Amino acid sequence: MPGFIIDLDGTMYAGTRPIPGAAEFIGRLKQEGHPFIYATNNSSKRPEQVAEHLHAVAGVEACPTEVLTSAQAAARYIADRQPGARVFVIGEDGLVHAAGEAGLIVTEERPDFVVQGIDRRFSYAKLEAAVRHIKSGAAYVLTNPDHLLPGEGGFHPGAGALAAAIRTASEAEPIVIGKPSPILLGMAVARLGLPASEAWVVGDNLRTDIAGGRAAGCRTALVLTGLATPDHADELIARSGVQPDLICRDLPELFDRSCR
Ligand SMILES: [Mg+2]
């Protein structure tokens, strides 16, 4: 029985709007006992907040344990390599909280790791501190490489845009955790308890969800409810050079084609 690693924005909801069929899809997965997990590149929120948003916007009852954020995956990645590591955090509540949950010590002094996500209070002082720590030997971990995020009133710079400043000044390349890196998706596969080849990575973004799913050895399904739309899918696939295993108008169509 296949399992599913499901993207959120553009797949389960579009910002604060529901996406038709998403709640029905999750209901059918639960009914038939398919394992699933929500995997998001968003590092700013705690899993509890993500679950609440799913309920409020998509009308889906969700447990925090069904959610894996890039913040949790980054903290786990560091803790697996160095339990109790000292970390300098550039990020928001979700990342600071995940670091604490993983037993990491958040500090401004002599960190072993600089871990960075989206930070809407990013500043020259934070950039300067991050670069100093990296130059002094701290490893640099980036939650997700997204340059731009859709949101209210258009697009907003993401964690990858801030990372560009840190990379330029430090001349160091980060370890990337979120999609299209297979690190977050590999942890999601492990949580499903299935071989990667039996897990579908589902999302609306070819360059993150589908490219990451392929890198992680999973099956991939593009849904045309977000970034990719029925009008532009072929053009986006040609331009990205990333081919999904399935292209589905929406999540109910994916259920019919992957579980039947
Ligand atoms: Mg998406």
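Residues numbered from 1 in each chain as written. Predicted model: local features only at pLDDT ≥ 70, side-chain atom pairs only at ≥ 80, totals over all residues. Heavy atoms only, no water.

Notes on the overall build of the protein chain
Now for step 1: Within the protein chain, the regular secondary structure consists of ten helices and 15 strands.
Now for step 2: Relative to a compact globule of 260 residues, whose C-alpha radius of gyration would be 18 Å, the protein chain shows 18 Å and is just as compact.
Now for step 3: Counting only C-alpha atoms, the protein chain reaches 55 × 35 × 35 Å along its principal axes.
Now for step 4: When burial is assessed residue by residue, the protein chain has 52% of its 260 residues classed as buried.
Now for step 5: A fraction of 68% describes how many contacts in the protein chain between residues 6 or more apart in sequence connect residues 24 or more apart.
Now for step 6: Of the roughly 11,600 Å² of accessible surface on the protein chain, 51% is carried by carbon and sulfur atoms.
Now for step 7: Here the protein chain contributes 24 positively and 31 negatively charged side chains, and the mean placements of these two sets differ by 3 Å. (Helix = DSSP H or I, 4+ residues; strand = E, 2+ residues; numbered from the N terminus. Rg over C-alpha atoms; globule rule 2.2 N^0.38 Å. Buried < 20%, exposed > 50% of the residue type's maximum accessible area, 1.4 Å probe, protein only. Contact = heavy atoms within 4.5 Å. Areas by Shrake-Rupley, 256 points an atom, 1.4 Å probe, with all protein chains shown as cover. Lys, Arg positive; Asp, Glu negative; His and termini not counted. Charge placed at Lys NZ, Arg CZ, Asp CG, Glu CD.)

Let's talk about the packing of aromatic side chains
Now for step 1: Per the counting criterion, the structure on display carries three aromatic pairs.
Now for step 2: Judged by centre distance (5.6 Å) and plane angle (90°), the ring pair of F4 and F25 falls under edge-to-face. Note that F4 is positioned in strand β1 (residues 3–6) and F25 in helix α1 (residues 22–32), a separation of 21 residues in sequence.
Now for step 3: On the basis of relative accessible area, F4 is assigned to the buried category, the value being 0%.
Now for step 4: Aromatic rings pair up to connect F4, F25 and F255 into one cluster. (Phe/Tyr/Trp six-rings, centres within 6.5 Å; stacked < 30°, edge-to-face > 60°.)

What about the coordination of the magnesium ion?
Now for step 1: Taken together, D7 (OD), D9 (O) and D204 (OD) make up the full set of protein donors to the magnesium ion, lying 2.1 Å away.
Now for step 2: Overall, D9 belongs to the partly exposed group, its relative accessible area being 33%.
Now for step 3: Looking at D204, the relative accessible area reads 8%, which means it is buried. (Donors = N, O, S within 2.8 Å, 3.2 Å for Na, K, Ca; no water.)

A word on the packing of helix α5 (residues 124–135) against helix α6 (residues 159–170)
For any two helices packed against each other, the geometry is given by the interaxial angle and the distance between the axes.
Now for step 1: For the pair α5 and α6, the least separation of the axes is 9 Å and the interaxial angle reads 45°. Considered as vectors, α5 and α6 are oriented oblique to each other. With respect to the hand of their crossing, α5 and α6 are arranged in right-handed fashion. Of the residues in α6, those touching α5 at L127, A130, V131, I134 and K135 are A165, I166, A169 and S170. (Axes fitted to C-alpha atoms, helices over the stretch in contact; angles between N-to-C directions. Parallel < 35°, antiparallel > 145°, perpendicular 65-115°, else oblique. Left-handed = near helix turned anticlockwise from the far one by under 90°.)

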